Amino acid sequence: MTIAFQSWNYPSVHLFGYVNKHRSQYPNKKNPALAILPSSILLQTDESGNLLDSKKNPCSDSAINSNSGGSLLSQDNTVGIIGGLSINSTLSFLKKLVHWSTKDGEDCLPFVLCSDPVLSKELLSQERSSFASLASKNEHFQMDQTPLENLSGKRAFLENSGARCIVMPCHLSHMWYDEVSRGCSVPFLHMGECVGRELKEAKLRPLEAGSPLRIGVLASNATLIASFYQEKLQNEGFEVVLPDKATIEHTIIPAVEALNGKDSEGARNLLRIAIQVLLVRAVNTVILASDDMRELLPHDDPLLKKCVDPMDALARSTIKWAQSARKPR
C-alpha cells in the first residue's frame, strides 16, 4: 500500500476509502499509509460543509444517491473519522488504522474521513485563546462554542454517508464530545474511555504499597484537555495526577512557547522534565495528551516506555469495534 494524494483547492475535502489486501504492493515507498483506490470518492464542499452543485462536481449528491440506501458506503463495519486540529495527526491515526487492521492479511476496514481546514482553524483559535489564558493565569476562561456546530455537522454527514461508528482523533475536539455525540445513531468512541479501558485491562500494580493506581496526564493545555481524561480515568478507578502549578509555569508553558518558536531541542528538554516530575510522584504511566509533545521525543527515548499515546488506544479500539461489527462472508 502507498499513500497517494492530489492537491485540491477545496475548502473541505471528504475522503472515502476501502483498502483491499489484494491490491499490488509498492515496497520501495517509505512510510506507507493509505492506498486511495480509483473507486474512492472526493467530494467538494463549501465552507459550511454543504456539497456543491452536482453539475460542477460529478461526485456530489448524484454519487450519494446512486448507492444503495443513499449511503456512500454500506459495509457494517464502516468507520467515520472527523479530522481535527492537525491534518498530520489525522493522517497518522489513519495510517495506524490501515497498518494495524491489515497486519494479519485482512482487508483494511472501510472508512469515511472528513478533513475540514475551516474546522482546523476554529480549533486552532480555541487552542491559542486557552493557552493565552493559561499563560496569563486567567482562571475564568470561557470555551468558545464555534467548533461545536461544525463538529456536529461532520457527525451528521458521516452518519448519512454510511458510517456505523464515529471517532475523533483530536484531543481538543473532545472538549465538545458530549454535545457532538448526543443523539448519535451509531457508536461514538471516546479517546479517554479507550485509554482508561486499556489501562484497566493491563492490570497495573501501584508503585507504592497501599497506594491507589496513579496515572499522570500531560497536555499542552493542562486545564482543558486534561479535564476530560481525568473524568474518564477516575471512572475506571484510577487516581489522576496532573502537573502542579510550578510544573505548568516552569516547564509546560515554556515548552509550548519554545515549540512555537521552533526551538525543538528546548521544548524536548522541558518535556522530559515535566514527565520526570510526574514519575517522581509515583505514577504508573503518563498519558501524553498532545501530538506535539509526543512527536518531540525520539522513538528510542527511554521515557516513552513510561508514556501512553491516546491515539494508539483509539486506533486499537476502533479496529476491535470494526472486527466485531463485520458480518461473516
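Residues numbered from 1 in each chain as written. Predicted model: local features only at pLDDT ≥ 70, side-chain atom pairs only at ≥ 80, totals over all residues. Heavy atoms only, no water.

Draft legend 1. Looking closely at the packing of helix α8 (residues 245-260) against helix α9 (residues 264-280). Interhelical geometry of α8 versus α9 gives an angle of 150 degrees and a closest axis separation of 8 Å. Comparing the axis directions of α8 and α9 gives the class roughly antiparallel. Our pair here, α8 against α9, has a crossing hand that is left-handed. Residue-level contacts link T247, H250, T251, P254, A255, A258 and L259 of α8 to G266, A267, L270, I273, A274 and V277 of α9. (Axes fitted to C-alpha atoms, helices over the stretch in contact; angles between N-to-C directions. Helix = DSSP H or I, 4+ residues; strand = E, 2+ residues; numbered from the N terminus. Parallel < 35°, antiparallel > 145°, perpendicular 65-115°, else oblique. Left-handed = near helix turned anticlockwise from the far one by under 90°. Contact = heavy atoms within 4.5 Å.)

Draft legend 2. The layout of surface pockets, seen in detail. Counted as a void, the largest pocket has a volume near 1,100 Å³. In terms of lining residues, the largest pocket is bounded by 46 residues, among which S89, S290, D291, D292 and M293 are the most central. Elements with a minimum of two residues in the lining of the largest pocket: α2 (87-102), α3 (117-135), α8, α9, α10 (291-296), β9 (307-308) and α11 (310-325). (1 Å grid on protein atoms, 1.4 Å probe; cavity = no way out; pocket = protein on both sides within 12 Å on 5 of 7 lines; lining within 4 Å. Points joined across faces, edges and corners; volume = space filled by probe spheres on them.)

Draft legend 3. Representation of the nonpolar core within the structure. I81, Y229 and I287 are the most contacted members of the largest nonpolar core, which totals 58 residues. The element that contributes the greatest number of residues to this core is α11, accounting for seven residues. Residues within four places of I81 in sequence aside, it is in contact with F93, L94, L97, F111, V112, L113, C114, L158, V167 and P169. Counting 20 residues, the second-largest nonpolar core is a separate cluster that includes A258, L278, L296 and C307. (Core = buried A, V, L, I, M, F, W, Y, C linked by side-chain atoms within 4.5 Å. Buried < 20%, exposed > 50% of the residue type's maximum accessible area, 1.4 Å probe, protein only.)

Draft legend 4. Focus on the pattern of salt bridges. Tallied over the entire structure, the rule returns 12 salt bridges. Across the pair E193 and K232 runs a salt bridge whose closest N-O atoms are separated by 3.1 Å. Taken together, the positions of E193 in helix α6 (residues 191-201) and K232 in helix α7 (residues 225-235) put the pair 39 residues apart, joining distant regions of the chain. With its nearest N and O atoms 2.7 Å apart, the salt bridge here joins R268 to E265. Separated by three residues within a single helix, R268 and E265 lie in helix α9, roughly one turn from each other. (Salt bridge = Lys/Arg side-chain N within 4 Å of Asp/Glu carboxyl O.)

Draft legend 5. Broad picture of the pairing of strand β6 (residues 214-218). Of all five residues making up β6, five are buried, and the element is well covered by its neighbours. Neither face of β6 is exposed, since R214, G216 and L218 on one face and I215 and V217 on the opposite face are all buried. Examined bridge by bridge, β6 and strand β7 (residues 239-241) share three bridges and lie parallel to one another. Paired with R214 across the two strands is E239, which belongs to β7. (Pairing = 2+ DSSP bridges.)

Draft legend 6. View of the side chain of D309. Within the fold, D309 resides in the loop between β9 and α11. Residue D309 is classed as buried on the basis of its relative accessible area, which comes to 11%. One polar contact links D309 to K96, side chain to side chain, over a distance of 3.4 Å. Among the polar contacts listed, one links the side chain of D309 to the backbone nitrogen of M311, at a separation of 3.0 Å. Not counting residues up to four positions away in its chain, the partners in contact with D309 are K96 and R294. (Polar contact = N/O pair within 3.5 Å; in protein donor to acceptor, adjacent residues only side chain to side chain.)

Draft legend 7. Summary view of the packing of aromatic side chains. Scanning the model with the defined rule gives two aromatic pairs in all. Judged by centre distance (5.2 Å) and plane angle (85 degrees), the ring pair of Y177 and F188 falls under edge-to-face. In this pair, Y177 is assigned in helix α5 (residues 177-181) and F188 in the loop between α5 and α6, connecting sequence segments 11 residues apart. Taking relative accessible area as the criterion, Y177 reaches 9% and is therefore assigned buried. (Phe/Tyr/Trp six-rings, centres within 6.5 Å; stacked < 30°, edge-to-face > 60°.)

Draft legend 8. Seen up close, the sheet that holds β7. Overall, parallel pairing links the four strands, which are arranged β7-β6-β8-β9 in an open sheet. The sheet terminates laterally at β7 and β9, the two strands that pair on one side only. Contacts from α9 reach β6, β7, β8 (285-288) and β9, with the element oriented near 160 degrees to β6.

Draft legend 9. Structural detail: the side chain of N150. If you trace the backbone, N150 turns up in helix α4 (residues 146-160). If we skip the residues at most four places from it in the chain, N150 touches D116, V118, L119 and E122.

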